[in-house]
Amino acid sequence: MKKSRRTFIKSIPVLSLLPLGIEKPGQYPISSNTYDWLTFFRRDGKEWGKDLDEDIKLYATSGLTAIEPSLDSEKMAIDYISVLKKYHIQMPSVYVGSVLHQAEKVQATLQHILRIADVVRGHGTKIIVTNPNPITWSQPTNKSDEELRTQVRALEELGAKLRAKGLHLAYHTHNMELRAGAREFHHMLQNTNAKNVSFCFDVHWVYRGSDDSELAVFDVLKMYGHRVIELHIRQSQQGIWKETFSAEGDIDYSRFAAELKRLKVMPHLVIEQCLEEKTPITMSVVEAHKMDLMNVKRVFR
């Protein structure tokens, strides 16, 4: 007899993930986003996700015990859950894209994310990260004030609905949200309820979006540190993403970690030490992530 999607979801053994009652995301195991693994695979002429079982098997050899996958469907979520169970990898957070500035697409987007949330929340996921799509990824086209008003209302609605399910929504940015006086970035955090919308602080995208300004990174931390539920962690040297994370580089992460402790903020830590064109090539994806994990523990734990 053919199983329905709902029946299949229920039939997957629940991952032994996060104990009930954990309220501090900093207690979750350190994760890596799948995007940086994708960049390493692409460098080596491979494709992340083509053989998910082999990919997660390799991932597990890095010593990482948690992952933040980028999901675009319920099926993709189910596929990840099945493989992560096999290799004892937890999934405290997931990343899902969204289109929230176009009024005619908002409800479809919200329902899409909520369906994915229903799949993953039974398997230990506590944080849904979303970065509202720009108008275009390739051109510096800013959203209008009306589009930003539409987007912030949608973000608030999504956060409230996820909160009702026992999940946290974490607003994420790249560099484009920092254009034009960071109007998009600030409007999202100034006009949403902190109970519904938390902040996934992707430190290096704020740095790059602010014309490579470390000052801007610490100003954002000062303004919105109380909203930070998750960090995406990446380091660069002279503006180029490094192959591995370290406290030293363009951003003083030792100071950053000390400031988080002063603020008594304990976010979920997610490695996203991606590669770009001029990044040095000296080690394998597993070697690099073993070093990332060691250095993130050293700096933040």
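To keep things clear, this report deals only with the structure shown in the data block. Since we're looking at a predicted model, the values are computed, not measured.

### Observations regarding the environment of Thr244
Reasoning step 1: Position of Thr244 relative to the elements: it lies in the loop between β10 (240-241) and α10 (253-263).
Reasoning step 2: On the basis of relative accessible area, Thr244 is assigned to the buried category, the value being 11%.
Reasoning step 3: Separated by 137 residues in sequence, Thr244 and Gln107 have C-alpha atoms that sit 39 Å apart.
Reasoning step 4: Once residues within four sequence positions are removed from consideration, Thr244 is found in contact with Gln273, Met283, Ala288, Met291 and Asp292.

### Concerning the packing of helix α2 (residues 34-43) against helix α11 (residues 285-300)
Reasoning step 1: Their axes nearest at 10 Å, the elements α2 and α11 cross at an angle of 150°. With respect to each other, α2 and α11 are oriented roughly antiparallel. Judged by the sense of rotation from one axis to the other, the crossing of α2 with α11 is right-handed. Note on element contacts: α11 touches α2 through Val285, Val286, Ala288 and His289, opposite Asp36, Trp37, Phe40, Phe41 and Arg43.

### Observations regarding the packing of aromatic side chains
Reasoning step 1: In this structure the tally under the stated criterion is 13 aromatic pairs.
Reasoning step 2: Look at Phe185 and Phe199: their rings are 5.6 Å apart centre to centre, the planes differ by 55°, and that puts the pair in the tilted class. Separated by 14 residues along the polypeptide, Phe185 in helix α7 (residues 179-190) and Phe199 in strand β7 (residues 197-202) bring together distant segments of the chain.
Reasoning step 3: Exposure remark for Phe199: the relative accessible area of 0% places this residue in the buried category.
Reasoning step 4: Their ring planes at 70° and their centres at 6.2 Å tell us that Tyr253 and Phe300 sit as a pair that is edge-to-face. Of the two residues, Tyr253 sits in helix α10 while Phe300 sits in helix α11, which places them 47 residues apart along the sequence.
Reasoning step 5: Joined through ring pairs, the aromatic side chains of Phe185, Phe199, Phe201, Phe218, Tyr224, Phe245, Tyr253, Phe256 and Phe300 make up one cluster.
Reasoning step 6: In this arrangement the basic side chain of Arg234 is found over the ring face of Trp241, its NZ or CZ atom lying 4.6 Å from the centre.
Reasoning step 7: For Arg255, the ring lying beneath its charged end belongs to Phe218, and the centroid distance is 3.6 Å.

### Some thoughts on helix α9 (residues 214-224)
Reasoning step 1: Every buried residue belonging to α9 is among Ala216, Val217, Phe218, Val220, Leu221 and Tyr224, and all of these are buried.
Reasoning step 2: Summarising the contacts, the buried residues of α9 are in contact with α7, β7, α8 (203-209), β8 (228-233) and α10.
Reasoning step 3: A distance of 3.4 Å separates the backbone nitrogen of Leu215 from a side-chain oxygen at the start of α9, and that oxygen is part of Ser213.

### Some details on the sheet that holds β7
Reasoning step 1: Pairing is parallel in the open sheet, where nine strands are placed in the order β2-β1-β11-β8-β7-β6-β5-β4-β3. The open sheet has two edge strands with one neighbour each: β2 (66-68) and β3 (70-71).
Reasoning step 2: Where strand β1 (residues 31-33) and strand β11 (residues 268-271) come together, two bridges link them in parallel fashion. Note on β11: the bridge partner recorded for Ser31 is Val270.
Reasoning step 3: Its contacts with the sheet put α7 on β6 (168-172) and β7, and the angle it makes with β6 is roughly 160°.

### Overview of α2
Reasoning step 1: Among all positions in α2, only Thr34, Asp36, Trp37, Thr39, Phe40 and Phe41 are buried.
Reasoning step 2: One side-chain oxygen of the residue at the start of α2 lies 2.7 Å from the amide nitrogen of Tyr35, identifying that residue as Asn33.
Reasoning step 3: Gly45 sits one or two residues past α2 and shows a positive phi near 75°.

### Here we look at the packing of α9 against α10
Reasoning step 1: At a minimum axis separation of 11 Å, α9 and α10 run at an interaxial angle of 10°. As far as their axial angle goes, α10 and α9 are roughly parallel. Contacts between α9 and α10 involve Val217, Phe218 and Leu221 on the former and, on the latter, Arg255, Phe256, Glu259, Leu260 and Leu263.
Reasoning step 2: When its residues are assigned to classes, the contact of α9 with α10 shows six nonpolar, no polar and two charged.

Rules used in this analysis
- Residues numbered from 1 in each chain as written.
- Predicted model: local features only at pLDDT ≥ 70, side-chain atom pairs only at ≥ 80, totals over all residues.
- Heavy atoms only, no water.
- Helix = DSSP H or I, 4+ residues; strand = E, 2+ residues; numbered from the N terminus.
- Buried < 20%, exposed > 50% of the residue type's maximum accessible area, 1.4 Å probe, protein only.
- Contact = heavy atoms within 4.5 Å.
- Axes fitted to C-alpha atoms, helices over the stretch in contact; angles between N-to-C directions.
- Parallel < 35°, antiparallel > 145°, perpendicular 65-115°, else oblique.
- Left-handed = near helix turned anticlockwise from the far one by under 90°.
- Phe/Tyr/Trp six-rings, centres within 6.5 Å; stacked < 30°, edge-to-face > 60°.
- Lys NZ or Arg CZ within 6 Å of the ring centre and 35° of its normal.
- Polar contact = N/O pair within 3.5 Å; in protein donor to acceptor, adjacent residues only side chain to side chain.
- Pairing = 2+ DSSP bridges.
- Nonpolar A, V, L, I, M, F, W, Y, C, P; charged D, E, K, R; others polar.

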